[in-house]
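Spelled out, the chains give:
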Amino acid sequence: MSFVFQAEVRSDLGKGASRRLRHADQVPAIVYGAGKEAVSITVDHKKFILAQEKPEFYESVLTLVINGEEVNVKVKAIQRHPVRYKLLHLDFVRV
């Protein structure tokens, strides 16, 4: 099973910006590794909530489409809200 997600580069960083994203049903994330610069992105919360229920999500290589460029990544870390069923932040590592 292949997972393909749309992502957007974000330039507004920090706690306030991340809170505004979460209120807009977006999740702040970062893509790093493979000797390239780290890129801060946003992804759709609903799509990741549905995808993370499948075990393949954690095992397989995901494809992020960032500004038209496909980037193959694996999930490195997921931060979840301690009470509500929400994602707070995602870390991806390039493969």
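The structure we're discussing is the one just above.
All values reported here derive from a predicted model rather than from experimental measurement.

Conventions used here
Residues numbered from 1 in each chain as written. Predicted model: local features only at pLDDT ≥ 70, side-chain atom pairs only at ≥ 80, totals over all residues. Heavy atoms only, no water. Pairing = 2+ DSSP bridges. Helix = DSSP H or I, 4+ residues; strand = E, 2+ residues; numbered from the N terminus. Axes fitted to C-alpha atoms, helices over the stretch in contact; angles between N-to-C directions. Salt bridge = Lys/Arg side-chain N within 4 Å of Asp/Glu carboxyl O. Buried < 20%, exposed > 50% of the residue type's maximum accessible area, 1.4 Å probe, protein only. Phe/Tyr/Trp six-rings, centres within 6.5 Å; stacked < 30°, edge-to-face > 60°.

Draft legend 1. Region of the structure containing the sheet that holds strand 4 (residues 62-66). Taken together, the 6 strands give a closed barrel; going around it, the order is 1-3-2-6-5-4, and neighbouring strands pair in mixed fashion. Direction aside, neighbouring strands of the sheet carry axes that sit 45° apart on average. Relative to strand 6 (residues 87-94), strand 5 (residues 69-80) runs antiparallel, the two being bridged by 7 bridges. Along strand 6, the bridge assignment pairs Ile 78 with Leu 90.

Draft legend 2. Examining the pattern of salt bridges more closely. Across all of its chains, the model carries 2 salt bridges by this definition. Across the pair Arg 20 and Asp 12 runs a salt bridge whose closest N-O atoms are separated by 3.1 Å. A relative accessible area of 53% places Arg 20 in the exposed class. Here Asp 25 ties to Lys 46 by a salt bridge, and the two come within 3.8 Å at their closest N and O atoms.

Draft legend 3. Region of the structure containing the packing of aromatic side chains. Taken as a whole and judged by the stated rule, the model has 7 aromatic pairs. Ring geometry for Phe 5 and Phe 48: centres 4.1 Å apart, planes at 25°, overall stacked. Taken together, the positions of Phe 5 in strand 1 (residues 3-9) and Phe 48 in helix 2 (residues 45-51) put the pair 43 residues apart, joining distant regions of the chain. Across this residue pair, the class does not change: Phe 5 and Phe 48 are buried. Note on Phe 48 and Phe 57: the rings are 5.9 Å apart at their centroids and 80° apart in plane angle, and the pair reads as edge-to-face. The exposure classification of Phe 48 matches that of Phe 57, with both residues buried. Every member of this aromatic cluster is reached through a ring pair, and the members are Phe 3, Phe 5, Phe 48, Phe 57, Tyr 58 and Phe 92.

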